[in-house]
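What follows is each chain in one-letter form.
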Amino acid sequence: MIEHARPFDLAADRCGPSSSPIIRIASRGLAPLIQIIGLYVFFHGHYSPGGGFQGGVLLAASIILLRMGLGFANTQTVMPSGWTVPLGAVGGLIYIGTGFFAVLCGGNFLDYGVFPMPWLDPPHLHSYGILFIEVGVTLTVMSTLVAIFDHLLDG
Amino acid sequence: MKLHQALVLLAFAAVLTMAAMQLPARGDAASPANRVFNTRGEPVAGAHYISHAEKDAATPNMVTVILADYRSFDTLGETLVVFAGGIACLFILRRLKP
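For clarity, every value in this text was computed on a predicted model and none was experimentally measured.

**Student:** Help me out: how do you make sense of the interface of chain A and chain B in this one?
**Tutor:** Accessible area lost on assembly of the parts is the figure often given for the size of an interface. Listed by partner, the interface residues are 35 residues for chain A and 26 residues for chain B. The dominant element in the side of chain A that touches chain B, judged by the number of residues it contributes, is helix 5 (residues 122-154) of chain A, at 17 residues.

**Student:** Looking at this model, I keep getting lost on unusual backbone geometry. Mind explaining?
**Tutor:** What is expected of a backbone is that most residues other than glycine have negative phi and most peptide bonds are trans. Within the chain, L110(A) stands out as a residue other than glycine whose phi angle is a positive 65°. According to the C-beta neighbour criterion, L110(A) is buried, with 23 such atoms within 10 Å. A positive phi angle, near 55°, is found at A58(B), a position not held by glycine. When you line up the elements, A58(B) lands in the loop between helix 2 (45-57) and helix 3 (62-70). Exposure remark for A58(B): the 19 C-beta atoms within 10 Å place this residue in the partly exposed category.

**Student:** What am I meant to see in the environment of R28(A) here?
**Tutor:** Residues and elements named next belong to chain A. Assignment of secondary structure puts R28 in helix 2 (residues 21-43). As a C-alpha pair, R28 and L70 span 42 residues in sequence and 8.0 Å in three-dimensional space. Leaving out residues up to four positions away in the same chain, R28 has contacts with G69 and L70.

**Student:** Which parts of the structure should I look at to understand the nonpolar core?
**Tutor:** Across soluble globular proteins, you tend to see nonpolar side chains buried next to one another. Residue and element names in this part refer to chain A. Residues A60, I63, V141, M142, L145 and V146 are the most contacted members of the largest nonpolar core, which totals 32 residues. Considering every element that reaches this core, the biggest residue donor is helix 5, with ten residues. If near-sequence neighbours (up to four positions away) are discounted, I63 is found in contact with V78, M79 and V146.

**Student:** Teacher, can you tell me more about the packing of helix 4 (residues 84-104) of chain A against helix 4 (residues 72-93) of chain B here?
**Tutor:** Each pair of packed helices gets described by two things: the angle between the helix axes and the distance between those axes. Contact geometry for helix 4 of chain A and helix 4 of chain B: axes closest at 10 Å, N-to-C directions at 160°. Considering their axes alone, helix 4 of chain A and helix 4 of chain B lie roughly antiparallel with respect to each other. Relative to helix 4 of chain B, the crossing made by helix 4 of chain A is left-handed. Across the interface between the two elements, V85(A), G88(A), G92(A), Y95(A), I96(A) and G99(A) of helix 4 of chain A pack against L76(B), T79(B), L80(B), F83(B), G86(B) and L90(B) of helix 4 of chain B.

Rules behind the numbers
Residues numbered from 1 in each chain as written. Chains lettered and ligands numbered in written order. Predicted model: local features only at pLDDT ≥ 70, side-chain atom pairs only at ≥ 80, totals over all residues. Contact = placed C-beta atoms within 7 Å. Helix = DSSP H or I, 4+ residues; strand = E, 2+ residues; numbered from the N terminus. Buried ≥ 20, exposed ≤ 12 C-beta atoms within 10 Å, placed from the backbone. Core = buried A, V, L, I, M, F, W, Y, C linked by C-beta atoms within 7 Å. Axes fitted to C-alpha atoms, helices over the stretch in contact; angles between N-to-C directions. Parallel < 35°, antiparallel > 145°, perpendicular 65-115°, else oblique. Left-handed = near helix turned anticlockwise from the far one by under 90°.

Structure follows, in structure tokens:
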């Protein structure tokens, strides 16, 4: 009889806080900077190289740095391990939902120009539509990478 | 064996060098990649994107407009592939009690 193990009970034992105070303090200091840079790369994707994929990878890197420096159990408040896969699905649903919202408003799939916001002209509707789907891409990439790290620790 | 490998590498280097010397100059308007109309007289997609991207989406970054607006269905597939890869890793790494 194969039974599912309780999730993430081994990961907390395998990945405790680092014994070196330098690593603990440096990871706590660096992670917010990496998160700020990740959000900058994500939001500035309209004007410079960047976007959802790169910003999501930077956000995931900051969370994984915190997990390795401070330990698995102490960083569950930053990103709970049970939330990673549902968050990834939510990101994909945001993307698909943006597409079907355009269909409901009478346009083609992912045609942002038909959104019912009459105070915006179609080019700016396209700009905000790009931003919506990049939110979905960022959520999916970030939570998928953190989920792979958590399951590597636990497997 | 070592001599054969070195000869094959030299041959590849020669082919690559000859191919690189034949490349059109950067920004050459007559090169096929930069033409507005192809050899059959039909308009090329790249020239349309370059001339319309900022007007269509009010976004200066042309790559983002192509990635997330003109070709957003492709990016939807990429996102779902990333998610599906994560799910596959999860099923491989998931620990089962024997």
